Amino acid sequence: LSNFQPEYGRSAGAIVNIVTKSGANTLHGSAGEYFRNSALDARNYFNPSSQPKAPFHNNQYGASLGGRIVKDKTFFYLDYEGQQEPVGVVTVASVPTGTAADGSLSPSDASNAVIAGLLARHPWPAPSLSNPNPGAVSTSGLASVVSPSFNRLTSFIAKIDQNFNASNILTGRYFFGDSVQSFPLALTATGGQLPGFNTFTPTRVQLVSLSYTHTLGSNKVNELRVGWNRFAEGFFPADQNFQPSSVGLCAATSTSLCNGGAFDSGLPIILLSGVSQLGATSSVPRHRVDSNNQLIDNFSWKINKHDVKFGFDFHRTSVQQYFDKYFRGRLKFNGHTDLLGNSFTGIQDFLSGYVDSGFQYFGDSTRHTFENNFGFYVQDSVRATSRLTINYGLRWDY
């Protein structure tokens, strides 16, 4: 809706109405699917033919069914939607090169046991686009990287309409949506683009609404609505089950890197000058739950050429969240010069385990906030002439 009237609230942005179908006396249903896959797609420009083709599969499907429970009185409507979308996100990564058979860094290239243990996990892919110095340790390799990503969605709506008589209608609706995504957050923010360091995002949405409409004569209608919704979403490192102690990283740096538990596990951010970072983005893990309770009453009254409407709106918003930015820690290898004037590059510092800078955030980032909102409005829509309608009104919000 554009140029909306005061009944729609305190926000100045767009107002979007979503209408859910109702059942009828006869049974009706529908089903459908939309699909797309890589067999129909051209190869990504940065995905050379020497590499497996990056996958793209998208299946979005659903069905609906509506009908009666009691003829002319009680109706139901059900709707289901699902989506499966496994894809490969193609990027070009700067990778270090070494003496391994595929041109990547080998554990034997490291003089530090912790770094050797980390390299045994093969965190960087082998150079596939360019390797200017085969068999030599360098930071000038390039690789075509395909990060496995996915989007999975399940949602359904259940709706009941009860017509007590021509003047009284009760409607109830429940929506449930559950989804999970995995993607390289580096495409939109600082973070790891390499496979294994995606951001994992589970999301759950629930909504309950009840509406009671009462008609008073031929020109007055009152509508009472009660609603509740909950939105929960988290952002976690895809390698959250990795424990730094498995490669001895805790003993080499700070023991606190092992004490994060289930929330803050995963590889610390490792920045090596000239190559793509290891570890997920710095802003994970984080999680947020928003809950809203709302009560609305609208009274409509048609008086000759005037459509008068007034009512009130109350809602309580609650937000619970934690934001553990940099709780996994960050280690940087960008080169240094020692007291004797000897210079060392970032790759040399990394392989020897010499950390040029590092830090880790601590504390309890959990927050719980809430607020109550009240609003009252009155408005009128008057048809001045057959070609002119005037809308005006007033709203007060706290």
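For the structure, check the block above.
Everything numeric in this text was worked out from a predicted model, so none of it was measured.

What counts and what doesn't
Residues numbered from 1 in each chain as written. Predicted model: local features only at pLDDT ≥ 70, side-chain atom pairs only at ≥ 80, totals over all residues. Heavy atoms only, no water. Phe/Tyr/Trp six-rings, centres within 6.5 Å; stacked < 30°, edge-to-face > 60°. Lys NZ or Arg CZ within 6 Å of the ring centre and 35° of its normal. Core = buried A, V, L, I, M, F, W, Y, C linked by side-chain atoms within 4.5 Å. Buried < 20%, exposed > 50% of the residue type's maximum accessible area, 1.4 Å probe, protein only. Helix = DSSP H or I, 4+ residues; strand = E, 2+ residues; numbered from the N terminus. Contact = heavy atoms within 4.5 Å. Pairing = 2+ DSSP bridges.

Caption draft 1: Examining the packing of aromatic side chains more closely. A full pass over the atoms with the stated rule returns 14 aromatic pairs. Grouping aromatic residues by their ring pairs yields a cluster made of Phe312, Phe376, Trp396 and Tyr398. The ring of Phe150 has Arg152 sitting right over it, with the charged end atom 4.1 Å from the ring centre. In this arrangement the basic side chain of Arg286 is found over the ring face of Phe235, its NZ or CZ atom lying 4.1 Å from the centre.

Caption draft 2: Highlighting the nonpolar core. Leu119, Trp124, Leu278, Phe350 and Leu351 are the most contacted members of the largest nonpolar core, which totals 27 residues. Elements with a minimum of two residues in this core: β3 (74-97), α1 (113-119), β4 (138-165), β8 (269-272), β11 (330-333) and α3 (346-352). Looking at which element gives the most residues to this core, the answer is α1, with five residues. Once you skip the residues sitting within four places of it in the chain, Phe350 turns out to touch Leu105, Ile115, Leu118, Leu119, Trp124, Ile270, Leu272 and Phe333.

Caption draft 3: Up close: the pairing of strand β5 (residues 168-183). As defined by bridge partners, β4 adjoins β5 across 15 bridges and the pair is classed as antiparallel. Residue pairing in the sheet places Leu153 in a bridge with Ser179 of β5. The hairpin formed by β4 and β5 contains two residues between the paired strands. With 16 bridges joining them, β5 and strand β6 (residues 199-216) adopt antiparallel strand pairing. Residue pairing across strands places Gly172 opposite Leu210, the latter belonging to β6.

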